[in-house]
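An overview of the molecular structure
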Amino acid sequence: MKKTYYIDIGSGEISQSRSSSAWNYKISASDEEIIRLREKFEQNYSTDWQNFFRAHVPYVQYHYDRENDAQDKTLLEIYKTIHELGDADAKKHIETMGILPDL
């Protein structure tokens, strides 16, 4: 059984309440799908902290930074999942961004 969720990309928040906080995308997802999406947000959060610490190492250049690459990859996976589960507005917005190569 699928439920409606509201997603805020910036904070990684997933809520069932439309009015409790700001949100970017509306999706319909099963419990298993939400668990996978939460795991991707948690992975992105963890990588964000690694990037924070790496940013304080001046001799590592951005384009040689695996943590940034990992965060970019995870963020694309999040957008792909939201595109798959999202309503028409979510799908359209993500498609206009041009970030998913398969679309």
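All figures in this text were calculated on a predicted structure; none of them were measured in a lab.

As for the confidence of the model for the protein
Predicted confidence across the protein gives a mean pLDDT of 87, with 81% of residues reaching 70 or more. By mean pLDDT, helix H1 (residues 31-54) is the weakest element of the protein at 83, and strand E3 (residues 25-29) is the strongest at 98.

Points about the pattern of salt bridges
Using the criterion set out here, one finds 2 salt bridges in the structure. Between Lys2 and Glu33 there is a salt bridge, with the nearest N and O atoms lying 3.3 Å from each other. Taken together, the residues Lys2 in the segment before strand E1 (3-8) and Glu33 in helix H1 connect sequence positions 31 residues apart. Of the charged contacts in the structure, one is a salt bridge between Asp31 and Lys3, with a shortest N-O distance of 3.4 Å. Linking Asp31 in helix H1 with Lys3 in strand E1, this pair joins segments that are 28 residues apart in sequence. Relative accessible area serves as the criterion here: at 39%, Asp31 is assigned to the partly exposed category.

Let's talk about the sheet that holds E3
Strand order across the open sheet formed by 3 strands is E2-E1-E3, with antiparallel pairing between neighbours. The outermost strands of the open sheet, each flanked by one partner alone, are strand E2 (13-15) and E3. Strand-to-strand, the axes of this sheet are offset by a mean angle of 30°, without reference to chain direction. Note: E1 against E3, 5 bridges, orientation antiparallel. Paired with Ile7 across the two strands is Tyr25, which belongs to E3.

Calculation criteria
Residue indices follow the written sequence of each chain, beginning from 1 at its first position. The predicted origin of the model limits local features to residues at a pLDDT of at least 70 and limits the giving and counting of side-chain atom pairs to 80 or more, whereas totals for whole chains, interfaces and linings rest on all residues. To get the side-chain values, all heavy atoms of the structure are used, and hydrogens and water are removed first. Values of pLDDT, the confidence the predictor places in each residue, fall between 0 and 100. Counting from the N terminus, the helices are the DSSP runs of H or I reaching at least four residues and the strands are the DSSP runs of E reaching at least two. Salt bridge, as used here, is a side-chain nitrogen of Lys or Arg placed within 4 Å of a carboxyl oxygen of Asp or Glu. Exposure is judged per residue with a 1.4 Å probe applied to protein chains only, and the accessible area is read against the type maximum: over 50% gives exposed, under 20% gives buried, and values in between give partly exposed. Strands qualify as paired when DSSP identifies two bridges or more between them. Axes here mean lines fitted to C-alpha atoms, for a helix over just the part in contact, with angles spanning 0 to 180 degrees between N-to-C directions.

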